[in-house]
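The primary structure of each chain is shown beneath.
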Amino acid sequence: MLPLKLVYHDRYDLNLGSHVFPSQKYRMIHDQLLADGIATADDFLVPEPAADADILRVHSQDYVYKLKHGSLTHEEILRMEVPYSRELITACWLAAGGSILAGRRALEDGCAANIGGGFHHAYPDHGEGFCVIHDVAVAIRHLQFHRAIENAMVVDTDVHQGNGTAAIFGGDGTVFTLSIHQEHNYPYPKPASTMDVNLPDGVGDDNYLAILEKHLHEAFREFSPQILFYVAGADPYREDQLGGLALTMEGLARRDALVFDYARRHNVPAVITLAGGYARRVADTVRIHINTILAGCAAARQRTTQS
Ligand SMILES: [Zn+2]
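First, a word on what this report is: a plain description of the structure on this page. In this convention, every chain numbers its residues from 1, walking through the sequence in written order. Restriction of local features to residues with pLDDT of at least 70 applies here, the model being predicted, together with a cutoff of 80 or more for giving and counting side-chain atom pairs; totals for whole chains, interfaces and linings are based on all residues. Hydrogens and water are ignored here; the side-chain numbers use all heavy atoms of the structure.

1. Examining the packing of aromatic side chains
We describe a pair of aromatic rings using the distance from one ring centre to the other and the angle between the two ring planes. Heads up, the condition is: Between the rings of Phe, Tyr and Trp (Trp by its six-membered ring), a pair exists once the centres lie within 6.5 Å; its type follows the angle of the planes, with under 30 degrees stacked, over 60 edge-to-face, and the other angles tilted. Put simply, DSSP H or I for four residues or longer makes a helix, DSSP E for two residues or longer makes a strand, and each gets a number counted from the N terminus. Exposure classes here rest on a 1.4 Å probe applied to the protein chains alone. A residue is buried below 20% of its type maximum, exposed above 50%, and partly exposed in between.
Scanning the model with the defined rule gives 10 aromatic pairs in all. Ring centres of Tyr8 and Phe44 lie 6.5 Å apart, and the angle between their planes is 70 degrees; this geometry places the pair in the edge-to-face category. Of this pair, Tyr8 sits in the loop between β1 (5-7) and α1 (25-35) while Phe44 sits in strand β2 (residues 44-45), placing them 36 residues apart in sequence. Take Tyr8 and Phe44: they sit in the same class, and that class is buried. On the basis of an interplanar angle of 80 degrees and a centroid distance of 6.1 Å, the ring pair of Tyr12 and Tyr26 is categorised as edge-to-face. With Tyr12 in the loop between β1 and α1 and Tyr26 in helix α1, this residue pair connects regions lying 14 residues apart in the sequence.

What follows is the structure in C-alpha cells.
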C-alpha cells in the first residue's frame, strides 16, 4: 500500500486525438503504476466531477455557461488550443473534482496525488494553453469555502509561467504563488505571481536546483501555508518539444524531492498535480510524472517515520 492516495478517473483523457498534448498520458501513468507493481487498485481513488458551485468560485458564470452548452466562439476555442468536445468538458470537471479530492486527502494523510490537473493557464473567464478549468484554484477555493484551510501555497515548476494562477490569486494575500519557468516562452504577457523566477534558456540541473532552493527558502520564510499545491510540469525536461530548459530526468526527480522536502520540513500537506509534458517520447513524460509520484511517496514515508 502506498503512503499516499492516487486520484484518477478513466475519463481524464481530454479526447484530443493526435495533438502535441498527449492526453493519453493519464491512462498510461495509471497503467504503468499498476504494471510496475508500484501501486495496486487499492491505492487509487475515483473522483466525482466538481460541482458547478465549486467551478463558479473561480470561473465566470458566462464562461461556465458557454463550456456547458458548447457555445464558445471560434476565437475562444482557438485560444484554448484544444478542440471542444463533451469529453473535454467531462475531463475538465473530473480533473477539478480530482484536485479537490486530492486536497482533502492531503489534509488527512499529509500528501496525495491527482494523476491529472495542474491546468494553470486557465483564467476565470477563458481557457488557453490547453487549459480550460483551473483545477488547482477550484480546489483551493473549495477548501477555503469549507474552512478546511485559510491559506495555501502553489509551487509551479512547469516550464511555462502559471499565468492563470497569477491572475486568479493576484492581490489575494491568502494564496502565495511561486512560478519558476523559462522567461522566453509562452505565456505573453506574464501577470505577476507572488514570486516569479524567470529563467534564461537552456538552464541545466545544478543551476536550476540552486535557484529553486533559494526561492523555496524565501517563499517559506515569507509565508506559512496550510497546504501546498505542487504543479509539477514535466516540460522543463531537455527533450521537451515546447520547453527550452535542459533538465535531465534525474534533475527533475531532484527538483521534486526538493519541493517535497520543503513541505515536509515545514509540516505542510502536499498535493501533486501533473501539468504539462511534451517530450518527443510520450514514455519519457510518463516516466517523469511517475518519478514525481515516487518522490511524493518517499517524502510521505519520511513524514511517517518522523511522527
Ligand atoms: Zn507547460
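2. Overview of helix α6 (residues 135-145)
Counting buried positions along α6 gives 10 out of 11 residues, so the element sits mostly inside the fold. Three or more residues of α6 are buried, namely Asp135, Val136, Ala137, Val138, Ala139, Ile140, Arg141, His142, Leu143 and Gln144. Just downstream of α6, Arg147 is the residue with a positive phi angle, here 55 degrees.

3. Remarks on the environment of Val203
Within the secondary structure, Val203 is located in the loop between β6 (195-199) and α8 (205-222). Taking C-alpha positions, Val203 is 34 Å from Gly37, a pair spaced 166 residues apart along the chain.

4. With respect to the pattern of salt bridges
It is possible for side chains of opposite charge to pair when their charged atoms get near one another. The condition is simple: What counts as a salt bridge is simple: a side-chain nitrogen of Lys or Arg found within 4 Å of a carboxyl oxygen of Asp or Glu.
A complete count under the given rule lists 17 salt bridges for this structure. Between Arg79 and Glu128 there is a salt bridge; the shortest N-O distance is 3.5 Å. Remark: Glu128 occurs in the loop between β3 (111-114) and α6 and Arg79 occurs in helix α4 (residues 74-80); sequence separation between them is 49 residues. Look at Arg79 and you get partly exposed, because its relative accessible area is 46%. Its salt-bridge partner being Asp256, residue Arg255 comes within 3.0 Å of it at the nearest N-O pair. Residue Arg255 shares its accessibility class with Asp256, and that shared class is buried.

5. With respect to helix α9 (residues 249-265)
The line we're drawing: Helix span, expected: 1.5 Å multiplied by one less than the number of residues in the helix.
Its 17 residues place the ends of α9 24 Å apart at the C-alpha level, agreeing with the 24 Å of an ideal helix rising 1.5 Å per residue. Listed as buried for α9 are Gly251, Leu252, Arg255, Asp256, Leu258, Val259, Phe260, Tyr262, Ala263 and Arg264. Backbone geometry just downstream of α9 places Asn267 in the positive-phi region, at approximately 60 degrees.

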